[in-house]
Amino acid sequence: MRFKNLILTVLIIPVFASSAFAFDIADRNDFFTPSVRLRSEYDDNIYTLEDNKTGSWKFIVEPKIELKFDFPQDVVSLDYKLGYRYYTHSPHGKDHEFDHNANFIWSHEFDPRCTLFLKNTFVYDQEPEAVDNNVVLQREGNYYYNRGSVGLAYNVTEMFVLRPRYYNEYLHYTDDFYRDQYDRFTNAVGMDVDYVMNPTTSPYAGYLLIRTDWKENHDRDYWSHRVYGGVKHRFNKMFYVDGKVGYEYRDFKGYGNFDSPFADMSLTTTVSPMTNFTVGYFVEIDNPSTGEYKWQQRQKAYVRAEHKFTRRLAVFAKGSYDHGRYNRSSRIEAAARDGKQETWEGAVGLSYEFKNYLFAEIGYNYIDVDSDVSNSYDRNRVYMGVNLIF
């Protein structure tokens, strides 16, 4: 059992460091949990345009079902959420939209030293905001997104944990124009090695081989090699840090190659049992938000804060600044030039739990995109609603 405890130590530290105070139905540990979220929202720029903005009230219904199976050696969870949005003002003649979101997670413990993890996420949407781990997608057209992954946690000794893993991602737009620019399929395989120095400190290192193929213009297809190292450390009950640095070499089929360092770090502090605060920063070479370039140099800084005034009343706030830099060395189209894309985002929300099956929410979201290579826009959204858990 000592091996199993070491695996849990490595997994649990970051979970507690990023835990939120929002009322979460996952904490109820029920086998079957249906819920529904009812929300009204005013959006002042539903088509994310710089000029001639269209504002509209939206009425949103999101029923959701969660299932959890807990066996001696297996834990299986799955959920499905249907989203329906009705617009009071839509000059393009489309006054309602549907989206789908499904998640599946399975872990199997072969023995106390070895555990298998499987995960899959599927999204169909018309209004993409963010899909996975800060990956911001385009805001044009209907799209499908799927990410599947499999990994293994194996304790070689009490100190070393090997984590081989594989994942694939598929992004597909239904509109022909955006499909040609953004459709892609990615496969990745790699290995992480964790060293459990003590219960509060875990340095790690890893390697990831990535292959990405694009729907059109296969000269953009590439192989990527990423090597990295980092450390997860809890200083005390108040402070937890996770920092990673690495290097990437990317080889394009028709556009040569490049190499670049990258970094990703975050600091979480639990000011009190009622307050949680996180700041983070990363810099990397990322896939572009326009089909005229091979890559973008991207930096992002973010902050999140959550506080519980009482057992029932909670507030959260978050903000971020994302800077993407495009230069001639990464251009595909001859007319492409140096440019940048800056994105400011902010949100604040308040939730109140009337009963353990009913809570209300109110909030505000803001985004401002200033771009030389794509469309610029700003967008304000105010919402209020209730969540029912059956």
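Everything numeric here is computed off the predicted structure, so don't read it as measured data.

Trainee: Which residues make up the overall build of the protein, and what values do they have?
Mentor: The secondary structure content of the protein amounts to two helices and 18 strands. In the protein, 54% of the contacts between residues at least 6 apart in sequence involve partners at least 24 apart. As displayed, the protein has an accessible area near 20,100 Å², and 59% of this comes from carbon and sulfur atoms.

Trainee: Which residues make up the pairing of strand β10 (residues 222-234), and what values do they have?
Mentor: Two faces belong to every sheet, and in a regular strand the side chains alternate between them. The pairing of strand β9 (residues 201-214) with β10 spans 12 bridges and is antiparallel. Note on β10: the bridge partner recorded for leucine 208 is arginine 226. Bridge count for β10 against strand β11 (residues 239-252) is 13 bridges, and the pairing is antiparallel. Bridge assignment links arginine 234 to a residue of β11, and that residue is tyrosine 240.

Trainee: Could you give me a rundown of the pattern of salt bridges, with the residues and numbers involved?
Mentor: Where side chains of opposite charge bring their charged atoms close, a pairing between them can arise. Taken as a whole and assessed by the stated rule, the structure comprises 24 salt bridges. The salt bridge partner of lysine 340 is glutamate 342, with a shortest N-O separation of 3.4 Å. Within this structure, Arg37, Arg39, Glu41, Asp43, Lys58, Glu62, Glu361 and Arg379 form a network of salt bridges that share partners.

Trainee: So what's going on with the confidence of the model for the protein? Which residues, and what values?
Mentor: Parts of the model with low pLDDT should not have their predicted coordinates read in detail. Put simply, the protein has an average pLDDT of 85, and 86% of its residues get 70 or more. Here residues 1-27 is modelled with pLDDT under 50, and outside its nearest four sequence neighbours on either side it reaches 60 contacts, counting other chains as well. In the predicted structure, residues 128-139 sits below a pLDDT of 50 and forms 32 contacts with residues beyond four places in sequence or in another chain.

Trainee: Describe the nonpolar core, and please don't skip the residues or the numbers.
Mentor: Residues Tyr167, Ala188, Tyr204, Leu208, Ile210, Tyr228 and Phe262 constitute the largest nonpolar core, which totals seven residues. Looking at which element gives the most residues to this core, the answer is β9, with three residues. Leave out the neighbours within four places in its chain, and alanine 188 touches Arg165, Tyr166, Tyr167, Leu208, Leu209 and Ile210.

Trainee: Residue-level account of the packing of aromatic side chains, with values.
Mentor: Under the criterion given, the structure shown has 14 aromatic pairs. When the centroid spacing of 5.9 Å and the interplanar angle of 55° are considered together, the rings of tyrosine 173 and tyrosine 182 count as tilted. Residue class for tyrosine 173 comes out buried when judged on its relative accessible area of 0%. An aromatic cluster is defined as three or more aromatic residues linked by ring pairs; in this entry it consists of Phe31, Phe69 and Phe71. The ring of tryptophan 214 is capped by arginine 220, whose NZ or CZ atom sits 3.7 Å from the centre of that ring.

What counts as what
- Residues numbered from 1 in each chain as written.
- Predicted model: local features only at pLDDT ≥ 70, side-chain atom pairs only at ≥ 80, totals over all residues.
- Heavy atoms only, no water.
- Helix = DSSP H or I, 4+ residues; strand = E, 2+ residues; numbered from the N terminus.
- Contact = heavy atoms within 4.5 Å.
- Areas by Shrake-Rupley, 256 points an atom, 1.4 Å probe, with all protein chains shown as cover.
- Pairing = 2+ DSSP bridges.
- Salt bridge = Lys/Arg side-chain N within 4 Å of Asp/Glu carboxyl O.
- pLDDT = per-residue confidence, 0-100.
- Core = buried A, V, L, I, M, F, W, Y, C linked by side-chain atoms within 4.5 Å.
- Buried < 20%, exposed > 50% of the residue type's maximum accessible area, 1.4 Å probe, protein only.
- Phe/Tyr/Trp six-rings, centres within 6.5 Å; stacked < 30°, edge-to-face > 60°.
- Lys NZ or Arg CZ within 6 Å of the ring centre and 35° of its normal.

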